[in-house]
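If you want the building blocks of each chain, they are given just below.
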Amino acid sequence: MAKKKVKVGSNTIALNKRARHDYFIEEEIEAGLELQGWEVKSMRAGKANISDSYIIFKNGEAYLFGATIQPLSVASTHVVCDPTRTRKLLLNKRELDSLIGKANRDGFTIVALSLYWKGAWAKIKIGVAKGKKLHDKRDTIKDREWQVAKQRIMKNAQRG
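Residues numbered from 1 in each chain as written. Predicted model: local features only at pLDDT ≥ 70, side-chain atom pairs only at ≥ 80, totals over all residues. Heavy atoms only, no water.

Going by the annotation in an unreviewed UniProt entry, the name recorded for the chain is SsrA-binding protein, with Actinobacillus delphinicola given as the source organism. Per UniProt, the chain has the following entry under Sequence similarities (unreviewed entry): "Belongs to the SmpB family." Of the chain, the UniProt comment under Subcellular location (unreviewed entry) reads exactly: "Cytoplasm". (UniProt positions renumbered as here; feature names shortened; annotations may be inferred.)

### Looking at the pairing of strand β8 (residues 108-118)
Burial within β8 is extensive, with 9 of its 11 residues counted as buried. Two strands pair when backbone bridges link them, and strand β1 (residues 12-15) and β8 are joined in this way by 3 bridges, in the antiparallel orientation. Residue A14 lies in a different strand from β8, and its bridge partner there is L115. Taken together, β8 and the strand that follows it, strand β9 (residues 121-131), pair antiparallel across an intervening segment of 2 residues, in which G119 is found at a positive phi of about 70 degrees. (Buried < 20%, exposed > 50% of the residue type's maximum accessible area, 1.4 Å probe, protein only. Helix = DSSP H or I, 4+ residues; strand = E, 2+ residues; numbered from the N terminus. Pairing = 2+ DSSP bridges.)

### Quick look at the pattern of salt bridges
According to the stated counting rule, one finds 10 salt bridges in the structure shown. Among the ionic pairs, K102 bridges to E27, the shortest N-O distance being 2.0 Å. Note that K102 is positioned in helix α3 (residues 93-103) and E27 in strand β2 (residues 23-33), a separation of 75 residues in sequence. Between E61 and K88 there is a salt bridge; the shortest N-O distance is 3.1 Å. Residue E61 is found in strand β5 (residues 61-65), and its partner K88 is found in strand β7 (residues 87-90); the two are separated by 27 residues along the sequence. Overlapping salt bridges bring together R18, D22 and D52 as one network. (Salt bridge = Lys/Arg side-chain N within 4 Å of Asp/Glu carboxyl O.)

This is the structure:
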């Protein structure tokens, strides 16, 4: 029996931390990405950023807009590398119809949450999101700080 080689480290390439701060995430969906060879090599080197990206729909297909994948300095000279090109998302018809229907509802948008490896494939987690108001953001921060304080109190109470 051959042993599987376990890779140490995280499979996450890029996170969009602002998405969870600025939006209420209603639903999360995993999608594949249509990439070029140089993009895969750059993503393996960790040169991807999805913080300002979102999903647009054109001709019944979904595209990732605003994501930046910086080309490596050792990239081939005969390939034109556009770091901010629009990349097609690989979704089945049912998921695509569901996303288009939810995006057309009032106040909903589709944002990229995280970019990661699943086996040898690059996947992106997208979320159906509704924008937060300023007071909602403050409530979220207050709840998070309370959770930290509560853990600290519980830890000190167990010692005593």
